[in-house]
Amino acid sequence: MSKKVGNAIILKKLWQEKNWDKLKTTLETPKKNLTPHLTDSIQYVKGVGPKRAELFKRLGINTVEDVLTHLPRRYEDRGNLKKISQIKYGEIETISGIVKAAGINVTTRKRMKIFELVVGDGTGIITAKWFNQPYMKNVFKVGQKVILNGKVKMNNYYGYGAEMDNPEYEIIDEDGDPLLHTGRIVPIYPETSGLTSRQIRVIMKTILDTHLPQVNDYLPADIIEGNRLMPLSSAMSEVHFPVIEKDMGLLNSGRSEMHRRLAFDEFFFLELGLALKKKDVEKEKREIPYTAKGELLEGLRNNLPFKLTSAQQRVIAEIKRDLTSPHPMNRLIQGDVGCGKTVVALSAMLMAIENGFQAAIMAPTEILAEQHYLNIKNMMDKLSLKIALLTSSRKKKEDIKAVEDGEINIIVGTHALIQDDIRFKRLGLAVVDEQHKFGVMQRGAIKKKGYNPDILIMTATPIPRTLAMSVYGDLDISIIDELPPNRMPIKTMKFYKSHRLDAFKLVKKEILQGRQCYLIYPLIEESEKVDLKAATEMAEHLKKDIFPEYNLGLLHGRMKTEEKEAVMRDFKEGRINILVSTTVIEVGIDVSNASVMLIEHAERFGLAQLHQLRGRVGRGQYQSYCLLMAEYPLSDDAKRRLEIMVKTNNGFDIAEEDLNIRGPGEFFGTKQSGLPELKNANILRDVKVLEAARGAAFDLIKKDSSLTMPEHGSLKTILKQKWLEKLEMGTIS
């Protein structure tokens, strides 16, 4: 596309958008300055156009700025030029030479067109071949100087002579254009069909040449100097085409100085947003201060069949301090499977109820909501309080009205709780379970159901405190770091299908000793009907052929709540020996007599889910077992997951490994959570950078709580553009 046509497209776009100010400015600007701005569509960059812009969209790239933050996934050192006489077969080599001959050969059998290029440097010759690319004959001319990079092999046809298949190439023009694809450290980018790294490199170079002056250093000078950060424009240029940094280890691990600068910026804006959000929260006033009566809480404790751990008591005390303070509570409870978070959350709900409020608990799935409902209902039986379950499939009109009239004390539900038809009379406390599966916006939506209600968030996904402070930086954090006493570590064993009978022997042994067993089947969304049928058929097979002398029960998500309640009641009271189930029992079930968890197709489960399932046993005084039944062969990731499960019971260790396997984005579910996506920073790799950025951001907000100082104007603009809506901040305007 010519520059003239490109300019016409820009003017037409501005006209269609009725962007009169910019149109006037553009018309009055000399033609040489008609360059797309960083926030403009990638389409208007030289060499892109509408079709290629669609390809960039697949990579999440829409604007010029998006391209600049599309960092290389790795780098190759193609700067070590060798003489042709020095190259070795089987190695990736880079050579420079003169084109001696070029032409197309056609194979006799398949009539395949092969473009061949013969290059010499005075010490030898090498042949480069491109298959089914006859247009390459228009690229090269005899006498041109070229650089080739590729894997060297012997010519199979003649049995001698070196050749490269489909090598990367660079033509050295007389005007001295800089090298992009060879003869240097070369960036390799994430690609998509129809858009190669080579093409991205050309466009990236064009953008850097034309737009680098538009890259402003928006961080305050004291933060840049205090953290020894390189200038942003230099980092942008160097990260794509390294000249100063030659250490391939630093480049490919993302630990170079330019990577550190770009990671710092991403973390800084995340933490700046969280710091402002935390300040917003601290400004809020409680409608009516709580009084610490504690009668319902005492009643709960007296009815529990166990004593609260010191960690549970400590966290309850922290919650009580929050509830009696003049500001609403915003607290995260973090703890391993089986540490007793639900009892702590229920204690908080009882404090709210005792002060005349309603309490709600929101879970990410109907199954988890049902489990919370059953669990809390059992603990509440003797307290004469009313509880209701509201999910998409279970929203009774009478329950909705009772909630609105204030007749229901505790409301358990899914995202259905934040829909318009659900109105609370006086919501005082909202508990959000498994926060990483909910969005920040959803958390905000449940908050709007009351007048500044207290917010308590629970997660059974343990993460190191530093990372928790960074991801949930606007919250106070409590950690339940103690399991109930007298619990023996669960023994975890891996079995292949061929050793299934050995696993069943262990199940029989435990049942003979009076224990009970869970047998879990995966339910994969894409094949739910097939999986459910397999689980049902296996239950029948086990009942008939393997365990005919024992009582088996079946539990799955398609059953009505009343049916599930009946099955779980029978299991809890010992009338069912083996409970065959899908993952409906992943969380919330507490049967101290169950000592075996047998997981079929364990290779199909994620590490966090396996740990959750294992946490359903080991809740009594008996030795418990988790049997992982896997189908051979295993993928490398599946093998690693099962080995970790066998190796440790520690949820924090497992979470670390899970982070390493899945990566921070998927682990925290940033797409679902609503948190701004970290494109280049890595929470695991860049922990020290994150801590420094957090400190700088929170210190800045202490000095300028609303970003009103002139030198912070650009920070405010960027924060509003990128993250204001996602972090639901009202401080800046």
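A.B. asks: Before we go on, may I ask you to explain the packing of helix α20 (residues 607-614) against helix α21 (residues 636-647) in this structure?
C.D. replies: A pair of packed helices is characterised by two quantities: the angle between their axes and the separation of those axes. It is at 10 Å that the axes of α20 and α21 come closest, and there the two elements cross at 35 degrees. Note on packing geometry: the crossing formed by α20 with α21 is right-handed. In this structure, α20 uses L607, L610, H611 and R614 to contact α21, whose residues at the interface are R641, L642, I644 and M645. Counted by class, the contact of α20 with α21 contains five nonpolar, one polar and two charged residues.

A.B. asks: I keep staring at the nonpolar core and nothing clicks. Help me out?
C.D. replies: Soluble globular proteins tend to pack their nonpolar side chains together in the buried interior. With 59 residues, the main nonpolar core has L219, F264, F268 and L272 as its most contacted residues. The dominant element in this core, judged by the number of residues it contributes, is helix α9 (residues 257-283), at 10 residues. Those residues within four positions of F264 in sequence are excluded, and the remaining contacts are L219, I223, N227, L229, V689, A692, A693 and A696.

A.B. asks: Please clarify how the packing of aromatic side chains should be interpreted in this entry.
C.D. replies: Each aromatic ring pair is described using two quantities: the centre-to-centre distance and the angle formed by the ring planes. Enumeration according to the criterion identifies 13 aromatic pairs in this entry. Ring centres 5.2 Å apart and planes at 65 degrees place the aromatic pair F140 and Y169 in the edge-to-face group. Residue F140 is found in the loop between β5 (125-131) and β6 (145-154), and its partner Y169 is found in strand β8 (residues 168-172); the two are separated by 29 residues along the sequence. Taken as a pair, F140 and Y169 share a single burial class, namely buried. Each residue in the set F115, W130, F140 and Y169 is aromatic and connected to the rest through ring pairs, giving one cluster.

A.B. asks: What should I look at first to understand the sheet that holds strand β18 (residues 516-520) in this one?
C.D. replies: Each strand in a sheet pairs with another by means of backbone hydrogen bonds, the pair being arranged parallel or else antiparallel. Overall, parallel pairing links the six strands, which are arranged β17-β22-β21-β18-β20-β19 in an open sheet. With partners counted over all chains shown, the strands left at the sheet margins are β17 (491-496) and β19 (552-555), one partner each. Strand-to-strand, the axes of this sheet are offset by a mean angle of 20 degrees, without reference to chain direction. Sheet analysis places strand β21 (residues 594-599) next to strand β22 (residues 625-630), joined by four bridges and oriented parallel. Residue pairing across strands places V596 opposite Y625, the latter belonging to β22. Its contacts with the sheet put helix α19 (residues 561-572) on β18, β19, β20 (578-581) and β21, and the angle it makes with β19 is roughly 145 degrees.

A.B. asks: Sorry if this is basic, but what is going on with the sheet that holds strand β13 (residues 410-413) here?
C.D. replies: Across the sheet, which stays open at both edges, the seven strands sit in the order β12-β13-β11-β14-β15-β10-β16 with parallel pairing between neighbours. Sheet topology places β12 (387-390) and β16 (476-480) at the edges, where each strand pairs with a single neighbour. The sheet shows a mean angle of 20 degrees between the axes of neighbouring strands, direction not considered.

A.B. asks: Could you clarify how one ought to interpret the pairing of β20 in this entry?
C.D. replies: Along any regular strand the residues' side chains alternate between the sheet's two faces. Side chains I578 and V580 project from β20 onto one buried face, and the interleaved L579 and S581 project onto a second face that is buried too. By the bridge criterion, four bridges tie β18 to β20 in an arrangement that is parallel. Opposite L519, over in β20, you have V580 as the bridge partner. Note: β19 against β20, four bridges, orientation parallel. Looking at the pairing, L555 lines up with S581 of β20. Note on the crossover from β19 through α19 to β20: the handedness is right-handed.

A.B. asks: Looking at this model, I keep getting lost on the pattern of salt bridges. Mind explaining?
C.D. replies: A pair can form between side chains of opposite charge whenever their charged atoms are brought close. In this structure the tally under the stated criterion is 29 salt bridges. In this structure, K564 and E370 form a salt bridge, with 2.3 Å as the shortest nitrogen-oxygen distance. Taken as a pair, K564 in helix α19 and E370 in helix α13 (residues 366-380) lie far apart in primary sequence, 194 residues in all. Here the residues in one salt-bridge network are E116, K129, K153, E163 and D165, joined through shared partners.

A.B. asks: Can you walk me through unusual backbone geometry in this structure?
C.D. replies: A negative phi holds for most residues other than glycine; trans holds for most peptide bonds. In this structure, the amide linkage connecting Y632 to the following residue, P633, adopts the cis form with an omega of 0 degrees. Residue position: P633 is located in the loop between β22 and α21. At N166, a position not held by glycine, the phi torsion is positive, near 50 degrees. You can see N166 is positioned in the loop between β7 (162-165) and β8. In this structure, H601 is a non-glycine residue whose phi angle is positive, near 50 degrees. By secondary structure assignment, the location of H601 is in the loop between β21 and α20.

A.B. asks: Please explain the environment of E603 as it appears in this structure.
C.D. replies: Of note, E603 is situated in the loop between β21 and α20. Residue E603 is classed as buried on the basis of its relative accessible area, which comes to 16%. A sequence separation of 31 residues divides E603 from L634, and the C-alpha atoms of the two residues are 7.1 Å apart.

A.B. asks: Sorry, what's going on with the packing of helix α12 (residues 341-354) against α13 here?
C.D. replies: As a packed pair, α12 and α13 sit with axes 11 Å apart at the nearest point and diverge in direction by 65 degrees. Remark: the crossing between α12 and α13 carries right-handed chirality. On α13, the residues that touch T342, V343, L346, M349 and L350 of α12 are H372, I376, M379 and M380. In terms of residue class, the contact of α12 with α13 is made up of seven nonpolar, two polar and no charged.

A.B. asks: Any chance you could explain the confidence of the model for the protein chain here in plain terms?
C.D. replies: Close inspection of predicted coordinates is inappropriate in any region flagged by low pLDDT. Of the residues in the protein chain, 85% have a pLDDT of 70 or more, and the chain-wide mean is 82. Confidence, read as mean pLDDT per element, is least for helix α24 (residues 670-673) in the protein chain (43) and greatest for β22 (95). Predicted confidence is poor over residues 1-5, with pLDDT under 50, and the contacts of this stretch with residues over four places away or in other chains come to three contacts. The model gives residues 670-674 a pLDDT under 50, and that stretch makes 13 contacts with residues more than four places away or in other chains.

Procedures and definitions
Residues numbered from 1 in each chain as written. Predicted model: local features only at pLDDT ≥ 70, side-chain atom pairs only at ≥ 80, totals over all residues. Heavy atoms only, no water. Axes fitted to C-alpha atoms, helices over the stretch in contact; angles between N-to-C directions. Helix = DSSP H or I, 4+ residues; strand = E, 2+ residues; numbered from the N terminus. Left-handed = near helix turned anticlockwise from the far one by under 90°. Contact = heavy atoms within 4.5 Å. Nonpolar A, V, L, I, M, F, W, Y, C, P; charged D, E, K, R; others polar. Core = buried A, V, L, I, M, F, W, Y, C linked by side-chain atoms within 4.5 Å. Buried < 20%, exposed > 50% of the residue type's maximum accessible area, 1.4 Å probe, protein only. Phe/Tyr/Trp six-rings, centres within 6.5 Å; stacked < 30°, edge-to-face > 60°. Pairing = 2+ DSSP bridges. Right-handed = clockwise from strand over helix to strand, strands pointing away. Salt bridge = Lys/Arg side-chain N within 4 Å of Asp/Glu carboxyl O. pLDDT = per-residue confidence, 0-100.

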